[in-house]
Amino acid sequence: EADIYQTPRYLVIGTGKKITLECSQTMGHDKMYWYQQDPGMELHLIHYSYGVNSTEKGDLSSESTVSRIRTEHFPLTLESARPSHTSQYLCASSERSSTGELFFGEGSRLTVL
Amino acid sequence: AQSVAQPEDQVNVAEGNPLTVKCTYSVSGNPYLFWYVQYPNRGLQFLLKYITGDNLVKGSYGFEAEFNKSQTSFHLKKPSAIVSDSALYFCAVREGGGFKTIFGAGTRLFVKA
């Protein structure tokens, strides 16, 4: 069973609020990712990280930002939430090898009113 | 650029019958191919992968997939479906040596008792 955790699982918040979605993994994986997924739809890569102090933007443009100060922690922040940010955010990690599969957290479902 | 196509939005099958969920891919180099399953309000779970070697790979829960290089396909199969197989299935591809994993749009599988 994957040891990757996301909090909160569900969040309902008003427009303009700052939010941080937490993601932690205990597997010592170098690579971490954030995907955005509307319910039952495809996944879009929005951020990824090769390791500590490395962050890159993904294929889908996002107003969110990420940081990677520790190997196990990869939080995502929205400075000012808007209704268009309503979605599910999935965090994942993988081992250093390029052949490794992704391990996903349970997701954070964000609703911005 | 790499891409994945899942031509069926939905697949319906009766319990006990074989199931197939289709996937085709496009990459410049050698493909690393993956199947994941997602249950409602959950993250994705890894099922199986093809990296190299035998074209038929076996994975979790009795699933298997066949890599066909000439047809650039990686269809997911199971000899006998059960009701609890009902879920959303995602095919994914990563170019060999690359970093990004690209997901298909997903196929919803319904298994009827």
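Going by the structure above, here's the rest.
Notes on the structure in this doc start here. (Residues numbered from 1 in each chain as written. Chains lettered and ligands numbered in written order. Predicted model: local features only at pLDDT ≥ 70, side-chain atom pairs only at ≥ 80, totals over all residues. Heavy atoms only, no water.)

## What to know about the pattern of salt bridges
Then, number 1: All chains considered together, the criterion is met by 10 salt bridges over all chains.
Then, number 2: Residue Lys18 of chain A is joined to Glu79 of chain A by a salt bridge in which the shortest nitrogen-to-oxygen separation is 3.9 Å. Of this pair, Lys18 of chain A sits in the loop between strand S2 (10-13) and strand S3 (19-25) while Glu79 of chain A is found in the loop between strand S8 (76-78) and strand S9 (87-94), placing the two residues 61 residues apart along the sequence. Grouping residues by exposure puts Lys18 of chain A and Glu79 of chain A together as exposed.
Then, number 3: Asp85 of chain B is the salt-bridge partner of Lys78 of chain B, the closest N and O atoms lying 2.8 Å from each other. This pair shows no difference in class: Lys78 of chain B is buried, exactly as Asp85 of chain B is. (Salt bridge = Lys/Arg side-chain N within 4 Å of Asp/Glu carboxyl O. Helix = DSSP H or I, 4+ residues; strand = E, 2+ residues; numbered from the N terminus. Buried < 20%, exposed > 50% of the residue type's maximum accessible area, 1.4 Å probe, protein only.)

## Quick word on the side chain of Ser108 of chain A
Residue and element names in this part refer to chain A.
Then, number 1: You can see Ser108 is positioned in strand S11 (residues 108-112).
Then, number 2: Among the polar contacts listed, one links the side chain of Ser108 to the backbone oxygen of Pro8, at a separation of 2.6 Å.
Then, number 3: Setting aside chain neighbours within four positions, we find Ser108 in contact with Gln6, Thr7, Pro8, Arg9, Leu21, Ser87, Gln88 and Tyr89. (Polar contact = N/O pair within 3.5 Å; in protein donor to acceptor, adjacent residues only side chain to side chain. Contact = heavy atoms within 4.5 Å.)

## Quick word on the packing of aromatic side chains
Then, number 1: For the structure on display, the rule yields 16 aromatic pairs over all chains.
Then, number 2: Considering the side-chain rings of Phe104 of chain A and Phe103 of chain B, the 6.1 Å spacing of their centres and the 75 degrees angle between planes classify their relative orientation as edge-to-face. In this pair, Phe104 of chain A sits in strand S10 (residues 103-104) while Phe103 of chain B sits in strand S11 (residues 102-103), so the two residues belong to two different chains. Taken as a pair, Phe104 of chain A and Phe103 of chain B share a single burial class, namely buried.
Then, number 3: Judged by centre distance (5.9 Å) and plane angle (65 degrees), the rings of Tyr36 of chain B and Phe46 of chain B are edge-to-face. Remark: Phe46 of chain B occurs in strand S6 (residues 44-50) and Tyr36 of chain B occurs in strand S5 (residues 31-38); sequence separation between them is 10 residues.
Then, number 4: Owing to a relative accessible area of 0%, Tyr36 of chain B belongs among the buried residues under this scheme.
Then, number 5: Its guanidinium or amino end placed over the ring of Phe74 of chain A, Arg68 of chain A lies 5.8 Å from that ring's centre, counting from NZ or CZ.
Then, number 6: Positioned above the aromatic ring of Phe63 of chain B, the side-chain terminus of Lys78 of chain B is 5.0 Å from the ring centre. (Phe/Tyr/Trp six-rings, centres within 6.5 Å; stacked < 30°, edge-to-face > 60°. Lys NZ or Arg CZ within 6 Å of the ring centre and 35° of its normal.)

## Structural notes on the nonpolar core
Residue and element names in this part refer to chain B.
Then, number 1: Formed by 28 residues in total, the largest nonpolar core has its most connected members in Trp35, Leu47, Leu48, Phe74, Leu76 and Tyr89.
Then, number 2: Of all elements in the fold, only strand S2 (10-14), strand S3 (19-21), S5, S6, strand S8 (64-68), strand S9 (73-78), strand S10 (87-95) and strand S12 (107-112) reach the threshold of two or more residues within this core.
Then, number 3: If one sorts the elements of this core by residue count, S10 sits on top with four residues.
Then, number 4: The residues touching Leu76, leaving out its near neighbours within four places in the chain, are Leu19, Thr20, Val21, Trp35, Leu47, Leu48, Phe63, Glu64, Ala65 and Tyr89. (Core = buried A, V, L, I, M, F, W, Y, C linked by side-chain atoms within 4.5 Å.)

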